[in-house]
Amino acid sequence: MTEFNFTAMVPILEGWSSDKKYKVTKDGTDYLLRISPNEKYENKKELFRIQQILMQKEIPMCRPVEFGSCEEGTYLLQTWIKGESAEKVIPDLSDSEQYVYGLEAGRILKRIHSIPAPAEQMGWKERFNKKIDKKIAMYRDCPIQFEDSDKIIAYIEENRYLLSNRPQCFQHGDYHIGNMMLEDGSLIIIDFDRYDYGDPWEEFNRIVWCAKVSPIFASGLVNGYFDHKVPYEFWRLLALYISSNMLSSIPWAIPYGEGEVRTMVNQAKDVLCWFDAMRNPIPTWYFEGYFLQEIDGLQYKMKSEFNFDFIHEYGSVFKVFDDQDSGNICFGTMKEGKRYFLKVAGAPTERYDGSVEEAIQRLKDTVPLYNDLESSHLIHLIDSKEIGGCFLLVFQWVDGDCMGRMYPAAHKRFRNLPADIRMKVFYDILDFLVLVHEKDYVAIDLYDGSILYDFENRKTTICDIDLFGKKPYINSMGRMWGSSRFMSPEELEKGAVIDEITNVYTAGAMAFALFSEYERDKEHWPLQESLYEVVSKATRKDRGHRQQSIKQFLKEWKEAMD
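Residues numbered from 1 in each chain as written. Predicted model: local features only at pLDDT ≥ 70, side-chain atom pairs only at ≥ 80, totals over all residues. Heavy atoms only, no water.

Visitor: What exactly am I supposed to notice about the overall build of the protein here?
Guide: Looking only at helices and strands, the protein has 16 helices and 24 strands in total. With the C-alpha coordinates aligned to their principal axes, the bounding extent of the protein is approximately 80 × 55 × 50 Å. Of all 562 residues assigned to the protein, the portion counted as buried reaches 54%. As displayed, the protein has an accessible area near 26,000 Å², and 48% of this comes from carbon and sulfur atoms. Across the protein, the 69 positively charged side chains and the 89 negatively charged ones have centroids separated by 2 Å. (Helix = DSSP H or I, 4+ residues; strand = E, 2+ residues; numbered from the N terminus. Buried < 20%, exposed > 50% of the residue type's maximum accessible area, 1.4 Å probe, protein only. Areas by Shrake-Rupley, 256 points an atom, 1.4 Å probe, with all protein chains shown as cover. Lys, Arg positive; Asp, Glu negative; His and termini not counted. Charge placed at Lys NZ, Arg CZ, Asp CG, Glu CD.)

Visitor: Explain the sheet that holds strand β15 (residues 338-345) here, please?
Guide: For sheets, the rule is that strands pair by backbone hydrogen bonds, running either parallel or antiparallel. Strand order in the open sheet formed by five strands is β13-β14-β15-β17-β16, and the pairing between neighbours is antiparallel. At either end of the open sheet lies a strand with only one pairing partner, and these are β13 (316-321) and β16 (381-387). Each adjacent strand pair in this sheet contributes to an overall mean axis angle of 25°, direction not counted. Here eight bridges tie strand β14 (residues 328-335) to β15, and the two strands are oriented antiparallel to one another. The partner of Lys 335 across the bridge, within β15, is Lys 338. Against the sheet, helix α10 (residues 356-364) makes contact with β14, β15, β16 and β17 (390-396), and its axis sits at roughly 135° relative to β15, the strand it touches most. (Pairing = 2+ DSSP bridges. Axes fitted to C-alpha atoms, helices over the stretch in contact; angles between N-to-C directions. Contact = heavy atoms within 4.5 Å.)

Visitor: What is the right way to look at the pattern of salt bridges in this model?
Guide: When the charged atoms of two side chains lie near each other, side chains of opposite charge can form a pair. The final tally for this structure, using the stated rule, is 40 salt bridges. Across the pair Lys 44 and Asp 193 runs a salt bridge whose closest N-O atoms are separated by 1.9 Å. Of this pair, Lys 44 sits in helix α1 (residues 41-56) while Asp 193 is found in the loop between β9 (186-189) and β10 (196-198), placing the two residues 149 residues apart along the sequence. Notably, a salt bridge pairs Glu 438 with Lys 551, separated by 3.5 Å at the nearest N-O pair. Taken as a pair, Glu 438 in helix α13 (residues 419-438) and Lys 551 in helix α16 (residues 550-561) lie far apart in primary sequence, 113 residues in all. With respect to burial, Glu 438 and Lys 551 carry one shared label: exposed. A single network of salt bridges, built from pairs that share partners, joins Asp 19, Arg 34, Lys 44, Asp 191 and Asp 193. (Salt bridge = Lys/Arg side-chain N within 4 Å of Asp/Glu carboxyl O.)

Visitor: Mind showing me how you'd approach the sheet that holds strand β1 (residues 8-12) here?
Guide: Strand order across the open sheet formed by five strands is β1-β2-β3-β5-β4, with antiparallel pairing between neighbours. Taken across any chain shown, the strands that pair with only one partner, and hence form the sheet edges, are β1 and β4 (64-70). Ignoring strand direction, the axes of neighbouring strands in this sheet form an average angle of 25°.

Visitor: Mind showing me how you'd approach the pairing of strand β20 (residues 451-454) here?
Guide: Within a regular strand, side chains alternate between the sheet's two faces. Along β20, one buried face is formed by Ile 451 and Tyr 453 and the opposite face, lined by Leu 452 and Asp 454, is buried too. Bridge count between strand β18 (residues 401-402) and β20: two bridges; the pairing is antiparallel. Pairing of Asp 401 across the sheet is with Tyr 453, part of β20. Taken together, the four bridges between β20 and strand β21 (residues 459-462) define a ladder with antiparallel strand orientation. Bridge pairing in β21 links Ile 451 to Ile 462. If you look at the hairpin formed by β20 and β21, you'll find four residues sitting between the two strands, and Arg 458 has a positive phi there, around 55°.

Visitor: Which parts of the structure should I look at to understand the packing of aromatic side chains?
Guide: In this description, a pair of aromatic rings is defined by centroid distance and the angle of the planes. On inspection of all chains with the given rule, the structure shows 48 aromatic pairs. With centroids separated by 5.8 Å and ring planes inclined at 75°, the aromatic side chains of Phe 170 and Tyr 197 adopt a geometry described as edge-to-face. Taken together, the residues span a long stretch of sequence, with Phe 170 in strand β7 (residues 169-171) and Tyr 197 in strand β10 at a distance of 27 residues. As far as burial versus exposure is concerned, Phe 170 and Tyr 197 are alike and both buried. For the pair Tyr 314 and Tyr 340, a centre-to-centre distance of 6.1 Å together with 65° between the ring planes defines the contact as edge-to-face. Of the two residues, Tyr 314 sits in the loop between β12 (298-302) and β13 while Tyr 340 sits in strand β15, which places them 26 residues apart along the sequence. Considered together, Tyr 314 and Tyr 340 belong to a single accessibility category, that of buried residues. Within the aromatic cluster, the residues linked to one another by ring pairs are Trp 201, Phe 204, Tyr 225, Phe 226, Phe 234, Trp 235 and Tyr 286. Here the guanidinium or amino end of Lys 301 rests over the ring plane of Tyr 290, the centre of that ring lying 5.1 Å away. (Phe/Tyr/Trp six-rings, centres within 6.5 Å; stacked < 30°, edge-to-face > 60°. Lys NZ or Arg CZ within 6 Å of the ring centre and 35° of its normal.)

Visitor: Honestly, the side chain of Ser 450 in this entry has me stumped. Any pointers?
Guide: With respect to the helices and strands, Ser 450 occurs in the loop between β19 (441-442) and β20. Those residues in contact with Ser 450 that sit more than four places away from it in its chain are Asp 445, Thr 461, Ile 462, Cys 463 and Asp 464.

Visitor: Mind showing me how you'd approach the packing of helix α3 (residues 95-112) against helix α7 (residues 215-225) here?
Guide: In helix packing, the relevant descriptors are the interaxial angle and the interaxial distance, both defined with respect to the helix axes. Running from N to C, α3 and α7 cross one another at 40°; their axes reach a closest spacing of 6 Å. One finds that α3 runs oblique with respect to α7. In this structure, α3 crosses over α7, and the sense of that crossing is right-handed. Every residue of α7 that contacts α3 at Asp 95, Gln 98, Tyr 99, Tyr 101, Gly 102, Leu 103, Ala 105, Gly 106, Arg 107, Leu 109 and Lys 110 is listed here: Ile 216, Phe 217, Ser 219, Gly 220, Leu 221, Asn 223, Gly 224 and Tyr 225. For the contact of α3 with α7, the class distribution of residues is nine nonpolar, seven polar and three charged. (Parallel < 35°, antiparallel > 145°, perpendicular 65-115°, else oblique. Left-handed = near helix turned anticlockwise from the far one by under 90°. Nonpolar A, V, L, I, M, F, W, Y, C, P; charged D, E, K, R; others polar.)

Visitor: Explain the side chain of Asp 174 to me, please; I cannot follow it from the model alone.
Guide: Note on placement: Asp 174 falls in the loop between β7 and β8 (180-183). Look at Asp 174 and you get buried, because its relative accessible area is 10%. With near-sequence residues (within four places) excluded, Asp 174 lies in contact with Asn 179, Arg 194, Glu 203 and Arg 206.

Visitor: Can you help me understand unusual backbone geometry in this one?
Guide: For residues other than glycine, phi is negative in most cases, and the peptide bonds are mostly trans. Residue Pro 472 follows Lys 471 across a cis peptide bond; omega there is -10°. In this fold, Pro 472 is placed in the loop between β22 (469-470) and β23 (473-474). A positive phi angle is found at Asp 440, which is not glycine, with a value near 65°. When its relative accessible area of 42% is taken as the criterion, Asp 440 is described as partly exposed. Positive phi, normally seen in glycine, also occurs at Asp 445, with a value near 65°. Among the secondary structure elements, Asp 445 is positioned in the loop between β19 and β20.

Visitor: What's the story with helix α5 (residues 149-159) in this structure? I'm lost.
Guide: Since the α-helix packs 3.6 residues into each turn, any two residues three or four apart lie on the same face. Residues of α5 that are buried: Ser 149, Ile 152, Ile 153, Tyr 155, Ile 156 and Asn 159. Projection of α5 onto a plane perpendicular to its axis shows the buried side chains occupying an angular sector of 160°, all on one side. For α5, the exposed residues set more than 90 degrees away from the buried face come down to Asp 150 and Glu 158. Taken together, the buried residues of α5 touch α4 (124-140), α8 (232-253) and α9 (258-274). (Arc of directions from axis to C-beta.)

Right, dumping it as structure tokens:
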């Protein structure tokens, strides 16, 4: 009987397992200790054996260290993961990053499934049909029912035949984003406690949790597993497996209280919506994915392959910004200890639907803008050139994160800053708008996604003025470029004048973005009512009822602060 000699032993209360879990320390190293009842000895012994096999297959996981018996029961000692919960981190990443992690999760699962089931394992059709019968009976005896459950039961009955001749393998047993962690940027799989053997495709029945957190991640998981060649039969079986789970989830939830019951009923509604009331087995959240390519170990999305080797003139790439819809793609590079921000037009970026010629010309037109509007609040342009069939702007690198919603982690972090710090950012933006009009320009497509904030040094930098125009400026296209949350009525009207009064509207919209998460009703405004009146005036549809200059807006704002 083993006697532990740990210098620290901290209980872990999270999770649904009945095991006792502890973070323990021995010889300065942290471990995860799980203690189970003695009747689970053989089960845990088999898990320890399987985990050793998984280690040989280079599965990123809590590695098995020791197994045996102790006074409290059967124990399993594993390495400790120092990372963060993937369920919390991944939704705040860019679309590309979420998708790439999903691909990796799918590829890891494929390797997990390479372990065969025991030869004596009961046939899958017989085994799972028994499960289905039990789940349907449990649901019909349950006092709580959900709407359209008859459609789920009908789908199950009509598709039982798909269970014939299905292969079986080792299953993690609870494979979803909640049982994954990120450690030093790498995905780690945890909690094999519910391992089993069965149809490898049944393992995807927990993907409902992934899709709820990040549909992009869930899509990547499927695409990574099947190497982007997803068979239609997979979707039909997945709908069967998820449907059967939905039936049993309601009776399972009842002992855990009303909150869990409500969660499962809502999940059943989601499932019915995803599968169009069981008429389409391909869920609505699924998408076929991005075309990904790589530079210096970083993956990013494109419409099609493009050679960016010319970027290396400015060093190695440490960051890619690929979520713009302007036709540009941006890179952070380092060369000889200096960092640069590169903006490139002319490549087939994923979110852009215009012509590359138009994107190149727009970027060329920005060169005088960056020179004329040079400011401590504006990113500094170093050089511009034609290269590799593209047009390239080279900027001095600025530390900071984009405040816009397309970068959820930074946006959330900025939103949680104290109001007085966000107020300083707002004043920086207003100061720049004053300069814009003093130089006879008008700001177009200026929104929170155009702004970087350095959280460490508390510095605001405007990083994108590509569409600013010289006065006088007339709307020649109807709906102009820009975020709808920031656009004035005249930016939607062909032939309308775009001027400083338009940018008063921009300033008001920016205030709502910075302080009330874009909400414009009074009850969501967190600052004093007098400031709300200034901002509401700035965003009126009638131009004549707004402040007539940025300086007037700034004056009224400061007076309202007193």
